[in-house]
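Chain and residue survey
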Amino acid sequence: MNNKISYLLNTVRCVHRYGSVLIPKSSATARKHILWIGRYRDPLGNVNFRKLLLNILPSLHGSSLRFLSQKTDVYSTGAEALVSEKASQRSLEVEKLDDSGSFKPKHVVNHSDPFFTSLRKCTCPSDALDLASEAAVSIKHYTNCLTMAWRLFKNLSEEQQRYEKQLIFEHPAFRKLCQQLLRDARRMTRGDLVFSLHALVNIGVPQNTLLVQTLVRVCQEKLNQLDNRCISVLATTLAGMDKDKNVSALQAGLQLLVEQRISSIRDIFILQNLMKCLGKDAPVFLKKKLEMAVVREIDGLTFPNALRMFFALAAMSYCSLPILNPCSKKIQENVHDVPFRQLILILEACHTLQYRNVKLFSALADYVHSTAYLWDKRQIILFLSACETLGFQPTELLDIFAEKVTEDPDFLNLKNLLIVLRVYSRLNHVPRVQKHLFFETLHSCLNKYLPQISSTELLKAVYSLGILGYLPCRALDELLQKDSKGELRASDDLKEQNTVMLRCVKTCMELDSPSFTKPAFVLTENLSSLVSLNLRKAQEALIELLGDENMFRQNVQLPYRYHIDFEIRMDSDRKKVLPVAPTDDHPDSHVQRLAFLFAPMSAFCLGTTHPRGNLAMKKRHLNKLGYRVILIQNKKFQEMKNEDAIEFLKRKIYSEDAFPFPEATVQDNN
């Protein structure tokens, strides 16, 4: 008899609750809003309510998540309706707007309540759930217990989280808590609603359960009521959820709401959180609005916010110099407070944003160099790899790391060895001291992995050493055997890349060999009398300087598939430019050949004229063929005035500084 009365009371409470939710106010606007909601199936009304009427509520105590539906579709369309300025204000009975436009609860939680005092003393998620079981008497108590459980959960290690997650799901109070959230979803305050959803998703409650989908649906209905902080929390939660109908609809509505509210958001933390959560798919105009809102508050930027702003812009794939430059300055000022992992993330963010700031990169590299004794060698490898991706050469750090490699090479597994070879070859960095020992050490490590290395990895390793002018004999023999057996054949997407690398290796074998001698003359071929548009200015400047097109050659093709933009011939004293005859290919020891290479900025290390790997190898090989090579950054040349461009080429041609001795390779010195 008592059970029947209990079921009846539960049913009456539920009917009363649903009646209070579904009966509209007299306002026409409210009726319109509720009619819009009513077109879609209500998971609470259609599933849980029927269960209550069938008196099966006690069966919910079987499994912690048994009452959660695995196939719930509560999709709602019309995102514009979610943020309509005429949306219902009925549910604002317990909340009102203050003069600043933000929401202010009527009933403020009394944190002197013994319940909240006990909650603050909890030290693990199970403590919070125990308290919910023993003392929670309102939905506010339950939601605060859930939020506290999440806060304690996220501070645990990954291994501890796996164990604690199992304890949470098996805890009897968690079943009761989820049941209470499902019953009172529409009665929660906006803060309790979004924080509960955030906690459940991050603890690991499956997204397709009825509880999570119901909270998402209620968030759709209450979207207009959310203050800026709640919007930020909701955006963070949605960013970590998979795309489904309800999540996509809520994200679309949230994006429209952010667009309306953005001018009133003054908290830079909320702004950067929205930037991060809206992501790269946000429309450009919204990214621009967010940028303007951040710039408006940039004067109050703190160091932690500067770090987060870097990552937020990267998540949004939006390079904003008015934001990045102040953030960069703030990071440089506080570089000693940046955790090592975030050093890597900063460089990765700069790569994503295509943001090149030499001062920032130098500050980070100098910090790592000055504290190199604190870091594991594998950490330094990660940092150097991130620098190489940006084309930045941290010279001192590369030198000190080379010393660490020669002192203790055992830490280099195959993966790290390939990274080190890639970094040093692409940045064209040869250590200033003990360079032979460094390369011999790398060669020895490579030999150790020859029995297990794949054909493609072997090709990449030999190619990297070849760029630096070092020929690893044993690895070369192994590579050529694999090539003769056809083991270097790759899929179509790698076939061309492997072909280019193998050709470069064979060129290095010939030109960098100690037995190679400078040829008496080099057979050349003029490809065309026409030059590309980006070389037209250089052609005109040479004509103006030398007086005639016959004083130089253009588009010259050399052996080994090398190409030079312009060739000039001079007498042995480098005082006079000689005219070029059509059949002038006979040997002449009194003639010096100049090769002009106009290269893009990406062919040089960032902020320097130091050529990167492939360009440095080409220059070295042209030197071997008898050319004096003049490297010119084409972008900077194009920015010169015509008079300055002519004077620049004149200095390059006639100055002795333009004729360095041919670069000695490591193999030559051996």
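Anyway, here's the lowdown on the structure attached to this text. (Residues numbered from 1 in each chain as written. Predicted model: local features only at pLDDT ≥ 70, side-chain atom pairs only at ≥ 80, totals over all residues. Heavy atoms only, no water.)

**Some words on the side chain of His429**
By the element assignment, His429 lies in the loop between helix H22 (414-426) and helix H23 (435-448). At 2.7 Å, the side chain of His429 and the side chain of Asp399 are in polar contact. (Helix = DSSP H or I, 4+ residues; strand = E, 2+ residues; numbered from the N terminus. Polar contact = N/O pair within 3.5 Å; in protein donor to acceptor, adjacent residues only side chain to side chain.)

**Brief notes about the packing of helix H12 (residues 228-239) against helix H14 (residues 268-278)**
One can describe the packing of H12 onto H14 by two numbers: an axis separation of 9 Å at closest approach and a directional angle of 25°. As far as their axial angle goes, H14 and H12 are roughly parallel. When you trace H12 past H14, the crossing you get is left-handed. Between H12, through Asn228, Arg229, Ile231, Ser232, Val233, Ala235, Thr236 and Ala239, and H14, the contact on the second element is made entirely by Ile270, Asn273, Leu274 and Cys277. Its residues placed into classes, the contact of H12 with H14 shows seven nonpolar, four polar and one charged. (Axes fitted to C-alpha atoms, helices over the stretch in contact; angles between N-to-C directions. Parallel < 35°, antiparallel > 145°, perpendicular 65-115°, else oblique. Left-handed = near helix turned anticlockwise from the far one by under 90°. Contact = heavy atoms within 4.5 Å. Nonpolar A, V, L, I, M, F, W, Y, C, P; charged D, E, K, R; others polar.)

**Looking at the nonpolar core**
Counting 179 residues, the largest nonpolar core has Leu234, Phe310, Ile331, Ile346, Phe383 and Leu622 as its most contacted members. A total of 10 residues in this core trace back to one element, the largest contributor, which is helix H16 (residues 303-316). (Core = buried A, V, L, I, M, F, W, Y, C linked by side-chain atoms within 4.5 Å. Buried < 20%, exposed > 50% of the residue type's maximum accessible area, 1.4 Å probe, protein only.)

**Section: the pairing of strand S7 (residues 591-599)**
Within S7, eight of the nine residues are buried, leaving the element largely enclosed by the surrounding structure. Here seven bridges tie S7 to strand S8 (residues 627-633), and the two strands are oriented parallel to one another. Residue pairing for S8: Ala599 is matched across the bridge by Gln633. On the question of chirality, the crossover connecting S7 to the parallel S8 by way of helix H28 (residues 613-624) is right-handed. (Pairing = 2+ DSSP bridges. Right-handed = clockwise from strand over helix to strand, strands pointing away.)

**What about the side chain of Gln213?**
Checked against the element boundaries, Gln213 lands in helix H11 (residues 210-221). Polar contacts involving the side chain of Gln213 include one to the main-chain carbonyl oxygen of Gln207, which spans 3.0 Å.

**Description of the layout of surface pockets**
By volume, the second largest pocket amounts to about 610 Å³. If you trace the second largest pocket, you find 25 residues lining it, with Lys154, His198, Thr236, Phe269 and Asn273 closest to the centre. Taken together, the elements giving at least two residues each to the lining of the second largest pocket come down to helix H7 (139-154), helix H10 (190-203), H12, H14 and H16. Residues belonging to the lining of the second largest pocket are distributed by class as follows: 12 nonpolar, seven polar and six charged. (1 Å grid on protein atoms, 1.4 Å probe; cavity = no way out; pocket = protein on both sides within 12 Å on 5 of 7 lines; lining within 4 Å. Points joined across faces, edges and corners; volume = space filled by probe spheres on them.)

**Thoughts on the packing of aromatic side chains**
As enumerated under the stated definition, the model contains 15 aromatic pairs in all. Between Phe310 and Tyr355 the ring centres are 6.1 Å apart and the planes differ by 65°, which places this aromatic pair in the edge-to-face class. Of this pair, Phe310 sits in helix H16 while Tyr355 sits in the loop between helix H18 (340-353) and helix H19 (358-370), and the two are 45 residues apart along the sequence. A relative accessible area of 3% means that Tyr355 is categorised as buried. Seen from their ring centres, Phe439 and Tyr470 are 5.8 Å apart, and the 15° between their planes marks the pair as stacked. With Phe439 in helix H23 and Tyr470 in the loop between helix H24 (455-467) and helix H25 (473-484), this residue pair connects regions lying 31 residues apart in the sequence. Ring pairs connect the aromatic residues Phe552, Phe566, Phe598, Phe637 and Phe648, which therefore count as one cluster. (Phe/Tyr/Trp six-rings, centres within 6.5 Å; stacked < 30°, edge-to-face > 60°.)

**Some points on the state of the cysteines**
Under the counting rule described, the total for this entry stands at zero disulfides. Sulfur of Cys230: no disulfide; nearest cysteine sulfur belongs to Cys219 and is 9.1 Å away. (Disulfide = S-S within 2.5 Å.)

**Concerning the pattern of salt bridges**
In the structure shown here, the tally under the stated rule is 21 salt bridges. Of the charged contacts, one joins Lys140 and Asp192 as a salt bridge, the two residues approaching to 2.9 Å between their closest N and O atoms. One end of the pair, Lys140, is in helix H7; the other, Asp192, is in helix H10, with 52 residues separating them in the sequence. With a relative accessible area of 23%, Lys140 lands in the partly exposed category. A salt bridge links Glu221 to Arg217, with the nearest nitrogen and oxygen atoms 3.2 Å apart. Within this pair, Glu221 and its partner Arg217 are both found in helix H11, separated by four residues, close to a single helical turn. One network of salt bridges, in which partners are shared, links Glu388, Arg422, Arg426 and Arg612. (Salt bridge = Lys/Arg side-chain N within 4 Å of Asp/Glu carboxyl O.)

**Looking at the environment of Ser602**
Residue placement: Ser602 occurs in the loop between S7 and H28. The exposure class assigned to Ser602 is exposed, which follows from its relative accessible area of 55%. When the C-alpha atoms of Ser602 and Gly391 are compared, they prove to be 7.4 Å apart, with 211 residues separating the residues in sequence.

**Overview of the pairing of strand S4 (residues 553-557)**
S4 sits mainly inside the fold: four of its five residues count as buried. With two bridges joining them, strand S3 (residues 525-526) and S4 adopt antiparallel strand pairing. Note on S4: the bridge partner recorded for Glu525 is Gln557. Across four bridges, S4 lies against strand S5 (residues 563-571) in antiparallel orientation. Its bridge partner being in S5, Arg553 is matched across the sheet by Glu567.

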